[in-house]
Amino acid sequence: MLLESLVCTAIAVYFEARGEPSEGQLAVAHVIQNRIEDARYPDNACAVVKQGYYWQGHPIRDKCQFSFWCDGKPETINDMMAWGFAIDIAEATMKGYLYDTTSGATHYHAYYVQPSWSYQFTRTVRINDHIFYRREME
């Protein structure tokens, strides 16, 4: 397993779901893994997590697949316990040790928003504060 992929997955879990119970954090890690395995998305964790629109080498605010990556806030890890847990979840997911409770989801959003893309995908499950979707093959 590549250390870089582990770190990118853990960063996404930490910033997207550290306030969620373990099932929610695991689900975010599975979305990354599901995208890696889907030919329509990049084939490595860092490219998946950093996917979006860029201007002069910088992500355009609110135009990324993972909102933390381009929300304009610095990615500063302050909670070492949550960071360690995010690393454990990323590693277990990447090694295939944990069951995918999202049923193959490639997308998710917070329950209190309704992005336009959500109508085009198949809803698979709600886990705590996130709703997960699978993008069917075209």
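Data block above holds the structure.
Just so it is clear, the structure is predicted and the values come from calculations on it, not from any experiment.

Another point: the side chain of H130. Tracing the backbone through its elements, the reader meets H130 in strand β5 (residues 130-134). On the basis of relative accessible area, H130 is assigned to the buried category, the value being 8%. Sequence-distant contacts of H130, that is, excluding residues within four places in its chain, are made with E16, E20, Y108, H109, A110, Y111 and V125.

Here the focus is the layout of surface pockets. The calculated volume of the largest pocket comes to roughly 770 Å³. In this structure, the largest pocket is lined by 28 residues; those nearest its centre are C64, Q65, F66, Y108 and W117. The set of elements that each furnish at least two residues to the lining of the largest pocket consists of α2 (22-36), β1 (52-55), β2 (58-64) and β3 (107-110). When residues of the lining of the largest pocket are assigned to their parent elements, the largest contribution, four residues, is made by β3. In the lining of the largest pocket, the residues fall into 13 nonpolar, eight polar and seven charged.

The next thing to look at is the packing of aromatic side chains. According to the stated counting rule, one finds nine aromatic pairs in the structure shown. Arranged with centres 6.1 Å apart and planes meeting at 80°, the rings of Y14 and W83 form a pair that is edge-to-face. Placement of the pair is Y14 in helix α1 (residues 3-17) and W83 in helix α4 (residues 80-94), with a sequence separation of 69 residues. The residues Y14 and W83 share a single accessibility class, namely buried. Their ring planes at 35° and their centres at 5.5 Å tell us that W117 and F121 sit as a pair that is tilted. W117 gets classed as partly exposed once you look at its relative accessible area, which sits at 23%. Overall, F121 belongs to the buried group, its relative accessible area being 15%.

We now examine the packing of α1 against α4. The interhelical angle for the contact between α1 and α4, taken along N-to-C directions, is 125°, at an axis separation of 8 Å. One finds that α1 runs oblique with respect to α4. Between α1 and α4 lies a crossing of right-handed hand. For the pair α1 and α4, the contacting residues are S5, L6, V7, T9, A10, I11, V13 and Y14 in the first and A82, W83, A86, I87, A90, E91 and M94 in the second. For the contact of α1 with α4, the per-class residue count stands at twelve nonpolar, two polar and one charged.

Definitions and limits used
- Residues numbered from 1 in each chain as written.
- Predicted model: local features only at pLDDT ≥ 70, side-chain atom pairs only at ≥ 80, totals over all residues.
- Heavy atoms only, no water.
- Helix = DSSP H or I, 4+ residues; strand = E, 2+ residues; numbered from the N terminus.
- Buried < 20%, exposed > 50% of the residue type's maximum accessible area, 1.4 Å probe, protein only.
- Contact = heavy atoms within 4.5 Å.
- 1 Å grid on protein atoms, 1.4 Å probe; cavity = no way out; pocket = protein on both sides within 12 Å on 5 of 7 lines; lining within 4 Å.
- Points joined across faces, edges and corners; volume = space filled by probe spheres on them.
- Nonpolar A, V, L, I, M, F, W, Y, C, P; charged D, E, K, R; others polar.
- Phe/Tyr/Trp six-rings, centres within 6.5 Å; stacked < 30°, edge-to-face > 60°.
- Axes fitted to C-alpha atoms, helices over the stretch in contact; angles between N-to-C directions.
- Parallel < 35°, antiparallel > 145°, perpendicular 65-115°, else oblique.
- Left-handed = near helix turned anticlockwise from the far one by under 90°.

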